[in-house]
Amino acid sequence: MAQLQRVVVSPAQIQDGTITLEKTQSHYLQRVLRLKVGDRFIAMDGQGQTWLAKIGETVATIIEPVAVDSELPHWVTLAIALPKGSGFDEVVRQVSELGVARIVPIISERTLLQPNAKKQARWQKIAAEAAEQSERSIVPLIAEPIQWKKYLQSEPSCGQRFLCWERGDSPALLDALPQAAVELAIGPEGGWTTAEVEAAVAVGYQPVSLGKRILRAVTAAVAVMAIVAAAQERCTATGQQ
Ligand code: SAM
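Note that the structure is predicted; figures quoted are calculated from it, not measured.

**Q** What is the right way to look at the overall build of the protein in this model?
**A** Per the secondary structure count, the protein includes seven helices and 13 strands. For 241 residues, the compact-globule estimate of 2.2 N^0.38 gives 18 Å, and the C-alpha radius of gyration of the protein, at 20 Å, lies within 12% of that figure. Based on the C-alpha atoms only, the size of the protein along its principal axes is roughly 60 × 45 × 30 Å. By the burial criterion, 44% of the 241 residues in the protein qualify as buried.

Shown next as structure tokens:
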């Protein structure tokens, strides 16, 4: 199929085969991209359903469902300690492009940023833009920011758990990865404290290394997601287990 603009729509926007676009979406499609009535685009609900649609006078019309096969074979959750400044915007955009399913912003002992509700909405919007751009069928979910200790106590595991830790003599992430859902944690610029590492290990996290160099927190998040995506897709392509 030719390259068509993708737009994430909510279930409330879809009714009887039509899509009521939001003002900003209409503006973007018709004013910025200069699409005309009758031109086609891809609408996606961000939860796996995607349709070919066309622009109408007042509403858009769904033409037919479209099969999209761009998701990783196994669910990936990233718990990431919030870096300072706008570093998390960058992280959300890049790991969303690489296929993450869920991002949990973590407040650790050495986290400097104090997140607010506006920030979470902003990150969710960035994740949607990244999903559109990278032609995914799901939009990664951004969880509410949570204290690391609380997260360890409250959250059930979303797969085998790995803690990225630059100290110690940990195995390489690539060698430790299973062909299954995984959950990975990345620390803040100042690193995890020893108590935080011990608390994670106590609930089943395995410390892993990303190599001999110390990466910035933002770089580490992108490296982790690239390693996991490459490992999952290599095995899918070659049929390895
Ligand atoms: N200030 C810390 C230090 O010097 O030990 C470095 C923290 S690093 C900038 C931020 C986070 O990225 C770490 O908490 C860890 O989760 C991850 N990270 C960076 N480099 C890593 C590596 N080589 N192996 C595993 N994790 C790494």
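**Q** So what exactly am I meant to see when it comes to the pattern of salt bridges here?
**A** Opposite charge on two side chains permits pairing when their charged atoms draw close. Considering all chains together, one arrives at seven salt bridges under this definition. A salt bridge links E129 to K125, with the nearest nitrogen and oxygen atoms 3.4 Å apart. Taken together, the residues span about one helical turn, with E129 and K125 both in helix α3 (residues 117-133) at a distance of four residues. Assessed through its relative accessible area of 54%, K125 is described here as exposed. R161 serves as the salt-bridge partner of E183, at 3.3 Å between the closest nitrogen and oxygen. Here R161 lies in strand β11 (residues 160-164) and E183 lies in strand β12 (residues 182-186), a separation of 22 residues in the sequence. Neither residue differs from the other here; E183 and R161 are each classed as buried. A single network of salt bridges, built from pairs that share partners, joins R93, K125 and E129.

**Q** In this structure, what is going on with a nonpolar patch on the surface? I would like to understand it.
**A** On the surface, Y28, V32 and L33 cluster together to form a nonpolar patch covering roughly 240 Å² of accessible area. Considering the arrangement of structural elements, one finds L33 in the loop between α1 (23-32) and β4 (40-44). Its relative accessible area of 31% is what places L33 among the partly exposed residues.

**Q** What's the story with the UniProt feature "domain: Ribosomal RNA small subunit methyltransferase E PUA-like" (unreviewed entry) in the protein in this structure? I'm lost.
**A** The sites that UniProt annotates as "domain: Ribosomal RNA small subunit methyltransferase E PUA-like" (unreviewed entry) are residues 22-55. Across residues 22-55, helical content stands at 29% and strand content at 29%; the span's end C-alpha atoms are separated by 13 Å.

**Q** Is there a simple way to explain the nonpolar core in this structure?
**A** Nonpolar side chains tend toward joint burial in soluble globular proteins. Among the nonpolar cores identified, the biggest contains 39 residues, and L78 and L184 are the most heavily contacted of them. Contributing elements (two or more residues each) for this core: β7 (76-81), α2 (87-98), β8 (102-107), α3, β11, α5 (173-176), β12 and α7 (217-238). Other than its neighbours up to four places away in sequence, L78 contacts V95, V100, R102, I103, V104, L184, I186, A221, V224 and M225. One finds I146, Y151, A185 and Y205 within the second-largest nonpolar core, a separate group that totals 15 residues.

**Q** Explain the site of the ligand here, please?
**A** Looking at the ligand, there are 21 residues lining it, with C164, R167, G187, L210 and R213 nearest. Residue G211 places a main-chain N or O atom 2.9 Å away from a nitrogen atom belonging to the ligand. At a separation of 2.7 Å, a nitrogen atom of the ligand approaches a polar backbone atom of R213. For the ligand, whose unbound accessible area comes to 580 Å², protein coverage reaches 87%. Residues belonging to the shell around the ligand are distributed by class as follows: 11 nonpolar, five polar and five charged.

About the thresholds
- Residues numbered from 1 in each chain as written.
- Predicted model: local features only at pLDDT ≥ 70, side-chain atom pairs only at ≥ 80, totals over all residues.
- Heavy atoms only, no water.
- Helix = DSSP H or I, 4+ residues; strand = E, 2+ residues; numbered from the N terminus.
- Rg over C-alpha atoms; globule rule 2.2 N^0.38 Å.
- Buried < 20%, exposed > 50% of the residue type's maximum accessible area, 1.4 Å probe, protein only.
- Salt bridge = Lys/Arg side-chain N within 4 Å of Asp/Glu carboxyl O.
- Patch = residues over 30% accessible without salt bridge, like charges linked within 9 Å, V, L, I, M, F, W, Y side chains within 5 Å.
- Areas by Shrake-Rupley, 256 points an atom, 1.4 Å probe, with all protein chains shown as cover.
- UniProt positions renumbered as here; feature names shortened; annotations may be inferred.
- Core = buried A, V, L, I, M, F, W, Y, C linked by side-chain atoms within 4.5 Å.
- Contact = heavy atoms within 4.5 Å.
- Near = heavy atom within 4 Å.
- Polar contact = N/O pair within 3.5 Å; in protein donor to acceptor, adjacent residues only side chain to side chain.
- Nonpolar A, V, L, I, M, F, W, Y, C, P; charged D, E, K, R; others polar.

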